Amino acid sequence: MKPLPIGKSNFKQLIEEGCYYVDKTQSIEELFENGSKIILFPRPRRFGKSLFMSMLNNFFDIDKKEENKELFKDLYISKSPYYKELNTYPTIFLNFKDLKSDNYESAFYMFRSRIAELYRNKSYVFEVLDDEEKEKFNRLKSEKGTFDDYKESLKLLSTWLERYHKEKVIILI
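Just so we're clear, the structure is a prediction, and the values are computed from it rather than from any experiment. (Residues numbered from 1 in each chain as written. Predicted model: local features only at pLDDT ≥ 70, side-chain atom pairs only at ≥ 80, totals over all residues. Heavy atoms only, no water.)

**Comments concerning the packing of aromatic side chains**
What the rule picks out here adds up to 16 aromatic pairs. An angle of 25 degrees between the planes, with centres 5.0 Å apart, marks the rings of Phe11 and Phe72 as stacked. In this pair, Phe11 sits in helix α1 (residues 11-16) while Phe72 sits in the loop between α3 (49-60) and β1 (91-93), placing the two residues 61 residues apart along the sequence. Ring centres of Phe59 and Phe60 lie 5.2 Å apart, and the angle between their planes is 85 degrees; this geometry places the pair in the edge-to-face category. Neither Phe59 nor Phe60 differs from the other in exposure class; each is buried. The structure contains a cluster of three or more aromatic residues connected by ring pairs, namely Phe11, Tyr21, Phe32, Phe59, Phe60, Phe72, Tyr82 and Tyr89. (Phe/Tyr/Trp six-rings, centres within 6.5 Å; stacked < 30°, edge-to-face > 60°. Helix = DSSP H or I, 4+ residues; strand = E, 2+ residues; numbered from the N terminus. Buried < 20%, exposed > 50% of the residue type's maximum accessible area, 1.4 Å probe, protein only.)

**Some details on the environment of Ile115**
Take Ile115: it is sitting in helix α4 (residues 104-121). Spatially, the C-alpha atoms of Ile115 and Tyr150 are 7.8 Å apart, while their sequence positions differ by 35 residues. Apart from residues lying up to four places away in sequence, Ile115 is in contact with Leu94, Leu140, Tyr150, Ser153 and Leu154. (Contact = heavy atoms within 4.5 Å.)

**Focus: the pattern of salt bridges**
Going through the model one piece at a time under the given rule, you end up with 14 salt bridges. As a salt-bridge pair, Arg112 and Glu143 come within 3.8 Å of each other at their nearest N and O atoms. Here Arg112, found in helix α4, pairs with Glu143, found in the loop between α5 (131-141) and α6 (147-151); they are 31 residues apart in sequence, far enough to count as distant. Here Arg112 falls in the partly exposed class, since its relative accessible area comes to 21%. Residue Glu162 is joined to Lys168 by a salt bridge in which the shortest nitrogen-to-oxygen separation is 3.6 Å. With a relative accessible area of 58%, Lys168 lands in the exposed category. Residues participating in the shared-partner salt-bridge network are Lys136, Arg139, Asp149 and Glu152. (Salt bridge = Lys/Arg side-chain N within 4 Å of Asp/Glu carboxyl O.)

**What about a nonpolar patch on the surface?**
A cluster of nonpolar side chains, namely Met1, Leu4, Ile6 and Tyr20, defines an oily patch on the protein surface of about 580 Å² accessible area. Given the relative accessible area of 56%, Leu4 is considered exposed. (Patch = residues over 30% accessible without salt bridge, like charges linked within 9 Å, V, L, I, M, F, W, Y side chains within 5 Å. Areas by Shrake-Rupley, 256 points an atom, 1.4 Å probe, with all protein chains shown as cover.)

**A word on the packing of α5 against helix α7 (residues 153-165)**
Where α5 contacts α7, the two axes come as close as 12 Å, and the packing angle between them is 125 degrees. The orientation of α5 with respect to α7, classified from their angle, is oblique. Between α5 and α7 lies a crossing whose hand is left-handed. Side by side, α5 and α7 meet where Glu133, Lys136, Phe137 and Leu140 of the first sit next to Ser153, Leu156, Trp160 and Arg163 of the second. Among the residues forming the contact of α5 with α7, the class breakdown is four nonpolar, one polar and three charged. (Axes fitted to C-alpha atoms, helices over the stretch in contact; angles between N-to-C directions. Parallel < 35°, antiparallel > 145°, perpendicular 65-115°, else oblique. Left-handed = near helix turned anticlockwise from the far one by under 90°. Nonpolar A, V, L, I, M, F, W, Y, C, P; charged D, E, K, R; others polar.)

Written out as C-alpha cells, the structure reads:
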C-alpha cells in the first residue's frame, strides 16, 4: 500500500517515496500549447499549488538535469512530444508558502533570506558577470543588499541566468 502524501509539497520527494500522486503532468503539455508568457494559477488554500510548482520546477530546471531523469518516466508527460523539453530551461523557483510574519521587518528579513538562498544555488552565473554585477550578486547572496537591490533581485538573476545559459528563464513564484 502506498503512503498518502499528507502535508508534502515536494514533487521529487513524493515520487521517490512512492506516495500516491494524481498525475498532473498533462498540464505541462497544456502550458506549451497555451503559449502565454505569464500564467496565474489561483487556487484555494491546501489545493496543491506548491506541489504543482515543485513539479514544474523539477520538469523545467536545467540545473536538475541529472537528478530528475527518472521522476517523470511513468507519467503522462513522458509520452508527450514535449517530453524533450525536460530540464532544458534555467528556472527560478521561489515559494512563499511558509513565509509568515506579524510585521514588515520580519517578513522582509525572511524574503531577504530566500533571495540569498536562491543566489547561492545559482552562484555559477558569477562567471558571466562584470565587476559591478559581481558586487551586487555578492551583496544579495550574503543578505547585505539594499532595499533597491532586493526589489530588482529576481529580474537581475533572470537576466544573468539567461546570459549564462543563452536561454529564456522560467520564473515560478
